[in-house]
Amino acid sequence: MSRDPELERRLRETPLPGEAEAEERSWEIVRAAYAERTTARPAHGRRRVALAVAVGGLALALGLSPAGAKVGELVEDVVGIGAEDAKPALRSLPTAGELLVESEQGVWIVREDGSKRLLGDYEQATWSPRGLFVAATDGYELAAMDPLGNVRWTISAPGEIADPRWSPSGFRIAYRSGDDLRVVAGDGSGDRLLARDVAPVAPAWRPLGELKLAPDGSGSHILTYVDESKKIHTVDVDSGERLEAVPQDLEQLGTQSKRAVPVGGGAIATLEHKQGRDRLVVSRDQRGEPGPVLFSARGELTGPSWSPDGRWLLVGWPEADQWLFIRTDRPGRVVAFDRISEQFDPGGSGEGRFPRIAGWILPQR
Amino acid sequence: MNAEPASERLAGVSRASALHRRREAALVRDAQRGSEQALAELFRRHWRRAHRAAFLVVGDTAAAEDIAQESFLAAIRALDRFDRRRPFGPWLHRITVNRAIDFSRARALRAESAGEAAAGSAAPEAGSISDELLGALHELSAEHRAVVVLRYVLEYTPGEIGELLGLPRGTVNSRLRRALDRLRPAIERESS
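About the thresholds
- Residues numbered from 1 in each chain as written.
- Chains lettered and ligands numbered in written order.
- Predicted model: local features only at pLDDT ≥ 70, side-chain atom pairs only at ≥ 80, totals over all residues.
- Helix = DSSP H or I, 4+ residues; strand = E, 2+ residues; numbered from the N terminus.
- Buried ≥ 20, exposed ≤ 12 C-beta atoms within 10 Å, placed from the backbone.
- Contact = placed C-beta atoms within 7 Å.
- Pairing = 2+ DSSP bridges.
- Axes fitted to C-alpha atoms, helices over the stretch in contact; angles between N-to-C directions.
- Nonpolar A, V, L, I, M, F, W, Y, C, P; charged D, E, K, R; others polar.
- Parallel < 35°, antiparallel > 145°, perpendicular 65-115°, else oblique.
- Left-handed = near helix turned anticlockwise from the far one by under 90°.
- Core = buried A, V, L, I, M, F, W, Y, C linked by C-beta atoms within 7 Å.
- Arc of directions from axis to C-beta.
- pLDDT = per-residue confidence, 0-100.

Visitor: Can you walk me through the overall build of chain A in this structure?
Guide: The helix and strand inventory of chain A stands at 5 helices and 24 strands. By the burial criterion, 41% of the 365 residues in chain A qualify as buried. The contacts in chain A between residues at least 6 apart in sequence include a share of 47% that link residues at least 24 apart.

Encoded structure:
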């Protein structure tokens, strides 16, 4: 077969866009994966003790470093679209707990064994803090029900209801109604207006561990929200007192979209979009230093949601129609499930909204 | 002017090639034993060509970066099982090119299922590489592009390409011939 020098020259020598930067990025990933491989091999002789210490340190570091993002089986997941070894159906959750899922067909509960129950044709939902109840929206109505779907109460609001959030105490539910922010007691009583002209951002309750209760019990319902001019407000819902936001309020406020804080805090998982890829970053640094990349994929990822034990993160990958359960303390461990849209919209066109995780909780029933 | 007799030049080339192979085998051995420096040298030697090969097959810089990176990671995972008597490059290139072909096929399938024009979704990104040549390259199938890349970028013989891709040598030659027929007008237009 004859050669073609001009073709060879052009194909070999013409510069490629971004080649040097790509090489640098790839080297960092490859080097990190190699470091993990090296430390995972058995140590010999006098190096054993030193290496054992190093492995321990590295295992921790890998859990928190970009190295952890691309090692083990995980690397198979990031070429193209979808994890290659995804299971064809959601058969079980990788750890204890139950999921609350919003889909085209309604709100579902998924149990640890993978079984699902459709609670009804609702749009958005929130767990009560111990998983005994669910509050769900349906147009201008907010309903509270048990996990079997038996409705305990409903209320109507003047505007379309969105972003319900059950307080950590269990005694309040905040929600948006049109441009208003409203609060209702957990038993459906005392529904009232809290603020007008709020931004379309889910309000956030101060976590239980951050609350400072007064002897009379006040101070147990602190809510942070954003108004339409993007100003952040923190208020004691019961007394109406305006408060300074603490960092945990702001962390919680961010969890309505691309960020999530595990139960008990101590870390933030964030989805970042860079160069056409979404990266799942986990930061355990109180100073907010950029965290490690646990997973990276082309296109958009949704979530993330922490497992109740804080060891797993669940993200959605709509383009691949998959859910990915990503272990946070064991780099490279990913459990993927395929055909997620169909499973939460049986008989549907598959073109509705991609199922969204509204909560992952360990019920205390 | 080169005063070396042809036989000595050939011998020199052969010695250099043998030295290169021995040096590479040593790098693989050292990398197997945990030398990051050896791995870095292997990466430096092979990443750019793997990346270029992937880019020319898939026509997408992000995907090419992924594929080249994944190929190295796959190589690292299999490093302990690697037979050092065999050259590292072809091993890596086989992984890279096959992944690039798989990616292109999967993308074409997705484009079909999404009702998009496959050619449109596979169109190469604009960049400093000749757009006309890339355009012509991407009118070929992924399998044809892979053969072109293995021949003209990675410099394998048709027989070696056949071994790498599991194809008869005649098939490799016919693919190369057909590809050249399609690419030549683009090259000539650009040259003129």
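Visitor: How do you make sense of the overall build of chain B when you look at a structure like this?
Guide: Secondary structure assignment for chain B yields 9 helices and 0 strands. Counting from the amino terminus, helix and strand elements in chain B follow one another as α-α-α-α-α-α-α-α-α. Taking all 192 residues of chain B together, 36% fall into the buried category. For chain B, long-range pairs separated by at least 24 residues make up 64% of all intrachain contacts whose partners lie at least 6 apart in sequence.

Visitor: Explain the sheet that holds strand β20 (residues 302-306) of chain A here, please?
Guide: Think of a sheet as strands paired side by side through backbone hydrogen bonds, with each pair either parallel or antiparallel. Residue and element names in this part refer to chain A. As summarised here, the arrangement of the 4 strands in space is β20-β21-β22-β23, forming an open sheet in which the pairing is antiparallel. Unpaired on one side and paired on the other, β20 and β23 (334-337) mark the two borders of the sheet. Going from strand to strand, the sheet's axes swing by 20° on average, the running direction of each strand aside.

Visitor: Looking at this model, I keep getting lost on the interface of chain A and chain B. Mind explaining?
Guide: Accessible area lost during the coming together of the parts is what is often quoted as the interface size. Each partner contributes residues to the interface: chain A has 34 residues there, and chain B has 39 residues. At 13 residues, the largest contribution of residues to the side of chain A that touches chain B is made by helix α2 (residues 19-40) of chain A. When its residues are assigned to classes, the side of chain A that touches chain B shows 15 nonpolar, 7 polar and 12 charged.

Visitor: Can you walk me through the packing of helix α7 (residues 142-152) of chain B against helix α8 (residues 158-165) of chain B in this structure?
Guide: Residues and elements named next belong to chain B. For the pair α7 and α8, the least separation of the axes is 10 Å and the interaxial angle reads 130°. When the interaxial angle is binned, α7 and α8 end up oblique. For the pair α7 and α8, the crossing hand works out as right-handed. Contacts between α7 and α8 involve Ala146, Val147, Leu150 and Arg151 on the former and, on the latter, Ile161, Leu164 and Leu165. Classifying every residue of the contact of α7 with α8 gives 6 nonpolar, no polar and 1 charged.

Visitor: When you look at the nonpolar core in this model, what are you seeing that I'm missing?
Guide: Within soluble globular proteins, side chains that are nonpolar generally end up buried alongside one another. Residues Val134, Ala135, Ala136, Leu280, Leu313, Leu324 and Ile326 of chain A are the most contacted members of the largest nonpolar core, which totals 71 residues. In terms of residues, this core owes the most to one element, strand β21 (residues 312-317) of chain A, which gives 5 residues. Excluding its chain neighbours within four sequence positions, the residues that come into contact with Leu280 of chain A are Ala269, Leu271, Val293, Leu294, Phe295, Leu301, Pro304, Leu313, Val315 and Ile326 of chain A. By size, the runner-up hydrophobic cluster in this structure holds 56 residues, among which are Ala32 of chain A together with Val149, Leu150 and Val153 of chain B.

Visitor: Sorry if this is basic, but what is going on with the environment of Val263 of chain A here?
Guide: The residue Val263 of chain A is located in the loop between β16 (259-260) and β17 (268-274) in this model. In this structure the C-alpha to C-alpha distance between Val263 of chain A and Leu208 of chain A, which are 55 residues apart in sequence, comes to 9.9 Å.

Visitor: When you look at α8 of chain B in this model, what are you seeing that I'm missing?
Guide: In an α-helix there are 3.6 residues to a turn, and that puts residues three or four apart on one side. Residue and element names in this part refer to chain B. Within the span of α8, buried status applies to Pro158, Ile161 and Leu164. Buried residues in α8, looked at end-on, bunch into an arc of 115°, giving them a common side. Residue Gly166 follows α8 closely and has a positive phi angle near 70°.

Visitor: What is the right way to read unusual backbone geometry from this model?
Guide: Outside of glycine, negative phi angles account for most residues, and trans bonds account for most peptide bonds. All names here are of chain A. Cis geometry marks the peptide bond from Gly303 to Pro304, where omega comes out at 0°. For Lys230, which is not glycine, the phi dihedral falls at a positive 70°. Within the secondary structure layout, Lys230 lies in the loop between β13 (222-226) and β14 (232-236). Judged by the 8 C-beta atoms lying within 10 Å of it, Lys230 is exposed.

Visitor: Before we go on, may I ask you to explain α7 of chain B in this structure?
Guide: Among the 11 residues of α7 of chain B, 9 are classified as buried, and the element is accordingly described as predominantly covered. Among the residues of α7 of chain B, Ala142, Arg145, Ala146, Val147, Val148, Val149, Leu150, Arg151 and Tyr152 of chain B are the ones counted as buried.

Visitor: Honestly, the confidence of the model for chain B in this entry has me stumped. Any pointers?
Guide: The predicted structure's coordinates, where accompanied by low pLDDT, should not be read in detail. Residue and element names in this part refer to chain B. Per-residue confidence for chain B gives a mean pLDDT of 75, with 74% of residues at or over 70. Low pLDDT, under 50, characterises residues 112-128; the predicted model gives this stretch 28 contacts beyond four residues in sequence or across chains. For this predicted complex, the interface score ipTM comes out at 0.79, while the overall pTM is 0.52.

Visitor: Would you mind showing me how to read the packing of helix α2 (residues 36-58) of chain B against helix α3 (residues 61-77) of chain B here?
Guide: Think of two packed helices as two axes; the pair is described by the angle between the axes and how far apart they sit. All names here are of chain B. Interaxial distance between α2 and α3 falls to 8 Å at its minimum, and their mutual angle equals 135°. Accordingly, the angle class assigned to the pair α2 and α3 is oblique. Note that α2 runs across α3; the crossing there is right-handed. Where α2 approaches α3, its residues Phe43, Trp47, Ala50, His51, Ala54, Phe55 and Val58 are matched on the opposing element by Thr61, Ala63, Ala64, Glu65, Ile67, Ala68, Ser71 and Phe72. When the residues that make up the contact of α2 with α3 are grouped by side-chain class, the tally is 11 nonpolar, 3 polar and 1 charged.

Visitor: Would you explain the pairing of β21 of chain A in this entry?
Guide: The two faces of a sheet get side chains in turn, since along a regular strand they alternate between them. Residues and elements named next belong to chain A. Burial runs high along β21: 6 of the 6 residues are buried. Connecting β20 to the next strand, β21, in antiparallel fashion are 5 residues, including Gly310 with a positive phi near 70°. Bridge count between β21 and strand β22 (residues 322-327): 6 bridges; the pairing is antiparallel. Among the inter-strand pairings, Trp312 is bridged to a residue of β22, identified as Arg327. Taking the residues between adjacent antiparallel strands as the criterion, β21 and β22 are bridged by 4 residues, where Asp321 takes a positive phi near 55°.

Visitor: For this particular structure, what's the right way to read the environment of Phe82 of chain B?
Guide: Residue and element names in this part refer to chain B. You can see Phe82 is positioned in the loop between α3 and α4 (88-113). Judged by the 16 C-beta atoms lying within 10 Å of it, Phe82 falls in the partly exposed class. Remark: the alpha-carbon pair of Phe82 and Val28, spanning 54 residues in sequence, is separated by 8.5 Å. Contacts of Phe82, omitting those with residues within four sequence positions, involve Val28 and Trp91.

Visitor: What's the story with the pairing of β22 of chain A in this structure? I'm lost.
Guide: For β22 of chain A, the tally of buried residues reaches 6 of 6 residues, placing the bulk of the element in the interior. In β22 of chain A, alternate side chains face the same way, and those of Gln322, Leu324 and Ile326 of chain A on one face and Trp323, Phe325 and Arg327 of chain A on the other are all buried.

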